[in-house]
Amino acid sequence: MERPFNSVTLPRSTELLFLLIFSFLCTLTWPCIEAAATQELLKGFEATPNPSIPSFQPFLNDTSGKFSFGFLRVNSTQLALAVLHVPSNEPLWFANPTTLARWSDRTKVFFNGSLVISDPRTRVFWSTETQGDKLVLLNNSNLQIQKNLDNSNKDPTVLWKSFDFPTHTLVETQNFTSTMTLVSTNGLYSMRLGDDFIGLYAKFDSNSDQIYWKHKALQVKAQIIEGNGPIHFQVDPDGWLGMYQNGTLPVDVESFNSFNRALDGFLIVRLEPDGNLKAYYWDGSSWVLDYQAIRETCDLPRPCGSYGLCTPGSGCSCLDNNTDFSSGECSGSGPYFTDFCADPETQNDVKVLRREGVEVPFKELMSYETTSSLEECEDSCEKNCRCFGSVYNNASGFCYILDYPIQTLLGVGDDSKVGYFKMREVARKKKVDAGLGVGIGLLGGAIVCLFGAVGFGSYKIWRRRRGVNRILEEEAGGAISGPYKDLGSASFRSIEMCSGSHG
């Protein structure tokens, strides 16, 4: 560790001179306020990104030094306002997760009673819209805007706090209410509260909001009373999620591995990019997995991607049995897939894929129809432009309609469970387009060759006529240059070629 500069005592005059020079250099190079983070920000604070900082530029710390608030680089050219867990450099909260600003000197953050980030070029603008006096970061990572009271003996009023606006992570002691949403960093998955349950939802397209995991309150220690207010839950430091309605008794307890083990570590709950809800605790050197809502890989919303098949114990493959999953993409996926209703022309490019031994991975959470036959189930999907596929159970007669682009199906050993899936014939269209391009290219080449042949022929005829005219001129007494026999042989060859062409 480096020693502080002021470990050597300097004369008073030297100290003053040094401070003046240092202040002058700061005004020329970079705002001094960004050189070190403080423990509260007052009105008038302003900062811009420092181009020499590779990852995180702090300007506010908590008193323990475990958490910090500042600029976080994203994809090297963008930034987000973030609260970080300092020992692990792990972001816990983002101010602007969906609209990132540029890491540029045009971007700035300031506190004028509101915390504001502004990037005029990309028109990114985010604000807390408050009239506070200071910004502080508490020892539990909660960022707050506070208003001082006239009576200094009283605690300041909290006008805004980051705990009310979680992004992808919850921390210990943090409440999660029915008005909040936890969203994975890729934006595909979210967590919300129902009347008596916690639900995880997938956004497979702009119209879908499919629930794929649900934990209902057991109501052992306390009952949920209708009309007595919404439920909420809290991450307990003792290693469990406590669901409450009113009072201190939980209506449900979802325990972690560290339940009641009194671990001396910081606990978080995070919605991961694969759609799983997981809990971790910090053991001083790394994050330790403490809980996962979905334990089996094949129960995740899309572990094998679009048109994938997940078979327990075997892993991922593709529904069409022709595509090698190791290529990373199964048939029907990719940018060519569109809404059948929005683009009627796509109906002409649709082919049908049928597969036995498949079922939807979270069927107990999906709606279904009861049909008398497989044909009736398929016909119901075929006539519906909002249907991307169906899965039929011959034993029960249940017909599951998939009203979102086909994701990963579950492979089972029961051939009475049959899937019907619409697919875009992208490969065929590419071949047609490629064939058309080759045809146009060949036609263009033929036209160029034709014009070239005509031009060359015209040039040859012009040369022949010119040779005959020169011979006639020489026989009429024109000037002769060079040996006679050479000119004659050349001239006669020209005459012979011309006469041969007419013969």
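Residues numbered from 1 in each chain as written. Predicted model: local features only at pLDDT ≥ 70, side-chain atom pairs only at ≥ 80, totals over all residues. Heavy atoms only, no water.

### Re the pattern of salt bridges
Taken as a whole and judged by the stated rule, the model has ten salt bridges. For R354, the salt bridge is made with E378, and the minimal N-O distance between the two is 3.0 Å. Of the two residues, R354 sits in strand β28 (residues 350-356) while E378 sits in helix α2 (residues 374-382), which places them 24 residues apart along the sequence. The exposure class assigned to E378 is buried, which follows from its relative accessible area of 9%. Residues joined by salt bridges that share partners form a network here, namely E359, K363 and K417. (Salt bridge = Lys/Arg side-chain N within 4 Å of Asp/Glu carboxyl O. Helix = DSSP H or I, 4+ residues; strand = E, 2+ residues; numbered from the N terminus. Buried < 20%, exposed > 50% of the residue type's maximum accessible area, 1.4 Å probe, protein only.)

### Notes on the pairing of strand β24 (residues 277-282)
Counting buried residues in β24 gives six out of six residues, a clear majority hidden from the surface. Burial along β24 is two-sided: L277, A279 and Y281 and K278, Y280 and W282, pointing in opposite directions, are all buried. For strand β23 (residues 267-271) and β24, the ladder comprises five bridges, and the chain directions are antiparallel. Looking at the pairing, I268 lines up with Y280 of β24. In this structure, the hairpin formed by β23 and β24 is closed by a connection of five residues, where G275 is found at a positive phi of approximately 95°. Where β24 and strand β25 (residues 287-292) come together, five bridges link them in antiparallel fashion. When the sheet's bridge partners are listed, W282 is paired in β25 with W287. Turn length for the β24-β25 hairpin, with the two strands adjacent in sequence and antiparallel, is four residues, and the turn residue G284 shows positive phi of about 105°. (Pairing = 2+ DSSP bridges.)

### Section: the pairing of strand β17 (residues 189-193)
With four of its five residues buried, β17 lies for the most part within the structure. Strand direction decides the pairing type here: strand β16 (residues 182-183) and β17, joined by two bridges, are antiparallel. Looking at the pairing, V183 lines up with S190 of β17. Where β16 folds back onto β17 in an antiparallel hairpin, the turn is made up of five residues, including G187, whose phi is positive at roughly 75°. Pairing between β17 and strand β18 (residues 197-202): five bridges, direction antiparallel.

### So, the side chain of S162
With respect to the element layout, S162 can be found in the loop between β13 (157-161) and β14 (169-171). Judged by its relative accessible area of 2%, S162 is buried.

### Structural notes on the packing of aromatic side chains
To describe a pair of aromatic rings, you give the distance between the ring centres and the angle between the ring planes. According to the stated counting rule, one finds 18 aromatic pairs in the structure shown. These aromatic residues form a ring-pair network of at least three members: F45, F59, F69, F71 and W103. Seen from the ring of Y201, R192 lies directly overhead, with NZ or CZ sitting 3.9 Å from the centre. Its end group placed over the ring of F197, K214 keeps NZ or CZ at 4.4 Å from the ring centre. (Phe/Tyr/Trp six-rings, centres within 6.5 Å; stacked < 30°, edge-to-face > 60°. Lys NZ or Arg CZ within 6 Å of the ring centre and 35° of its normal.)

### A short note on unusual backbone geometry
At N89, a position not held by glycine, the phi torsion is positive, near 60°. In this fold, N89 is placed in the loop between β5 (78-85) and β6 (90-94). Of note, the phi angle at T173 is positive, near 75°, even though the residue is not glycine. Tracing the backbone shows T173 in the loop between β14 and β15 (175-177).

### Considerations on the state of the cysteines
Going through the model one piece at a time under the given rule, you end up with five disulfides. In this model C377 forms its disulfide with C399; the gap between the sulfur atoms is 2.0 Å. Around the S-S axis, the bridge from C377 to C399 shows a dihedral of about 75° and counts as right-handed. Of this pair, C377 sits in helix α2 while C399 sits in strand β32 (residues 398-402), placing them 22 residues apart in sequence. (Disulfide = S-S within 2.5 Å.)

### Brief notes about the confidence of the model for the protein chain
The pLDDT averaged across the protein chain works out to 80; a share of 73% of its residues lies at or above 70. Predicted confidence in the protein chain is weakest over helix α4 (residues 484-502), with a mean pLDDT of 35, and strongest over β14, with 98. Note on residues 427-436: pLDDT under 50 across the span, and five contacts to partners over four residues away in sequence or across chains. A low-confidence stretch, residues 465-503 stays under pLDDT 50, and its non-local contacts, those more than four residues away or across chains, total ten contacts. (pLDDT = per-residue confidence, 0-100. Contact = heavy atoms within 4.5 Å.)

### Regarding the sheet that holds strand β1 (residues 41-42)
The strand order across the open sheet built from four strands is β1-β11-β12-β13, with neighbouring strands paired in antiparallel fashion. Where the open sheet ends on each side, the last strands, each with one partner, are β1 and β13. Summarising the sheet, strand β11 (residues 134-137) and strand β12 (residues 143-147) pair through four bridges and their orientation is antiparallel. By the bridge assignment for β12, K134 is matched with Q146.

### Looking at the nonpolar core
Within the largest apolar cluster, 52 residues are counted, with the highest numbers of intra-cluster contacts made by M191, Y212, F233, L319, L409 and F421. The contacts of L319, once residues within four sequence positions are left out, are Y307, G308, L309, L353, R355, V358, I406, L409 and F421. Core analysis: the second largest hydrophobic core is formed by 34 residues, L41, F69, F163 and W282 among them. (Core = buried A, V, L, I, M, F, W, Y, C linked by side-chain atoms within 4.5 Å.)

### Topic: the sheet that holds strand β29 (residues 358-359)
Reading across from one edge, β27-β26-β33-β29 is the order of the four strands in this open sheet, with mixed pairing throughout. Across the chains shown, the open sheet's two edge strands, defined by having one partner strand only, are β27 (315-318) and β29.

### Some thoughts on α2
Taken together, the buried positions of α2 are occupied by L374, C377, E378 and C381. An end-on view of α2 places all buried positions within 95° of arc, on one side of the element. Contacts from the buried residues of α2 go to β28, β31 (389-393), β32 and β34 (417-424). (Arc of directions from axis to C-beta.)

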